[in-house]
Amino acid sequence: MKGNKAVKIVLLALLGALGVAVAVLVSYLSREWNRTTYFDKTTINGFDVSERKPEDVLHILTDAYSAPKITLTEGGKEEGTWTLSQLGYTVDQSKLLAGLQDALKKQRASIPILLDGIMNGNEFTLDIPFSSDEGKISSVVTAASLKDPRVENANAELVYDEGTKTYSIKSEVQGTQLDDGDIQKLVKAEAEKLVTSAKPAGDVNVEIPSDLYKKPDVLSTDETLNLQMNTYNAYDQAVITYDFGTQKEVLDWNTIKDWVFFQDGQGMLSEEKIRAYVTSLAAKYNTIYYTRTFTTTGGQQITFTDSENNYGYLVDEDGEYQQLLSDIQSNTSVEREPVYSYKGVGRDGTNDLLEYVEINITQQHLWFYKNGQLVVESNVVTGNVSKKQETQTGIFPIAYKQSPATLIPSNETNGTPVQYWMPFYDGQGLHDASWRTAFGGNIYQTNGSHGCVNLPPAVAATIYENIDTGTPVILYK
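Here the structure is a predicted model, which means the values were calculated and not measured.

K.L.:
Would you take a moment to explain the packing of helix α2 (residues 54-66) against helix α3 (residues 93-106) for this structure?
P.N.:
Any two packed helices are characterised by how steeply their axes cross, that is the angle between the axes, and by the distance between the axes. Remark: α2 packs on α3, axes separated minimally by 9 Å, with the N-to-C direction vectors making an angle of 130°. When the axes of α2 and α3 are compared, the pair comes out oblique. Handedness of the crossing formed by α2 with α3: right-handed. Packed against α2, whose contacting residues are Pro54, Glu55, Val57, Leu58, Leu61 and Thr62, the element α3 presents Gln93, Leu96, Leu97, Leu100, Gln101 and Leu104 at the interface. Of the residues belonging to the contact of α2 with α3, the class tally is eight nonpolar, three polar and one charged.

K.L.:
Help me understand the packing of aromatic side chains in this model?
P.N.:
To describe a pair of aromatic rings, you give the distance between the ring centres and the angle between the ring planes. For the structure on display, the rule yields 16 aromatic pairs. Measuring from centroid to centroid gives 5.1 Å for Tyr232 and Trp253, while their planes differ by 75°, and the two rings are edge-to-face. Taken as a pair, Tyr232 in helix α7 (residues 223-235) and Trp253 in helix α8 (residues 253-256) lie far apart in primary sequence, 21 residues in all. For Tyr232, a relative accessible area of 7% translates into the label buried. The rings of Tyr160, Tyr167, Tyr232, Trp253 and Phe262 are connected pair by pair, giving a single aromatic cluster.

K.L.:
I would appreciate a short explanation of the side chain of Glu320 in the present structure.
P.N.:
With respect to the element layout, Glu320 can be found in helix α10 (residues 317-330). Owing to a relative accessible area of 0%, Glu320 belongs among the buried residues under this scheme. The residues touching Glu320, leaving out its near neighbours within four places in the chain, are Tyr242, Val278, Val315, Arg336, Pro338 and Val339.

Quick notes on the rules
Residues numbered from 1 in each chain as written. Predicted model: local features only at pLDDT ≥ 70, side-chain atom pairs only at ≥ 80, totals over all residues. Heavy atoms only, no water. Axes fitted to C-alpha atoms, helices over the stretch in contact; angles between N-to-C directions. Helix = DSSP H or I, 4+ residues; strand = E, 2+ residues; numbered from the N terminus. Parallel < 35°, antiparallel > 145°, perpendicular 65-115°, else oblique. Left-handed = near helix turned anticlockwise from the far one by under 90°. Contact = heavy atoms within 4.5 Å. Nonpolar A, V, L, I, M, F, W, Y, C, P; charged D, E, K, R; others polar. Phe/Tyr/Trp six-rings, centres within 6.5 Å; stacked < 30°, edge-to-face > 60°. Buried < 20%, exposed > 50% of the residue type's maximum accessible area, 1.4 Å probe, protein only.

Structural data, given as structure tokens:
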């Protein structure tokens, strides 16, 4: 009996102890279930948060994830530094706190999880929520905000060397100009990496890539620029010096440059502009078939109409166009007269009467000038007025010279021999008249020639020996 009683006492003691243990355990588990801090050995995103409340961890994570700075560098030199906050990125603390509180709840998702957390702690990973303000990055990250002023680009361009008379291409200069949008995009990409990183990152240096700089508009490899250079070099040394007697007209690259144009990838010379130049040259220097004013030996001003002025120079515009085009394409210096359709015997610019025979029909007198000097003057006999065989007035060139010659008037069969024959208009000409004993006065009124200008033999000889074919004969009343 005594033995059974002892066993009962032991059992009761054990049951009592067990009950106390159970009560203690239940009390402990209940306390841990309702705790407001994280278990010992608990980490969140790598941070030890043991025995800390979510509110405390909120500040730790906010500070850590907001700390990194982004520095923009150029050649290793700092150009601008910004915090995430300056760039418009801030931690959404309400969302983050909700996440931290949710992590705290997960410690007691079940009794086994609770027990494991008590024994081993927990490891949580949270996405750190950021809010962003696009306007801030647009306002603080600009080319103007960088420390060093931007260097402007310089386009490649043609340069002309006066010494070699050639064009070359001066290479472009790559500056440091940046587009605000490009650098904002560059900085934003780095900021996005930071705010989406699972773990807090350190400060970031971003070197401005070379391809971010604005490129010059025209590079040295530009096809149009190279075409222009090659085309200019094909014509720029052409110098055409026109001789108008002692007066010169120089055509060079200063004018020719305006005649070059580019079409379908080719450089060409404008036919229209070259022809226009030739036309202007002709208008300036043509002297035949234009109204002409002549000052006589006696000082009288005589005006000849364009139909009366049959002497002078006339530029062959088609021929001159072809010659000028060839000269330009040869790209060398040329000195020459223009291509003429008709040509006189001397000129000083537009003055082409340096050598001429002047005949005043009313005075029946002749003067012959050569190189501005009077060679001979004499009385003459011109066409018979009474027989309506008057000598033609106007300006005409000597067609040719012949010695001796036989003159056969249109209404006669027998010719008249002369020693010196110098025709100038439709069978009329200068010649000696050995059969006459007198010249001048009114002889021509009733006993004049068939239209020729009769000269004393010695005068005719002097003129013949000194006159050139093409010399103008100027006849007026």
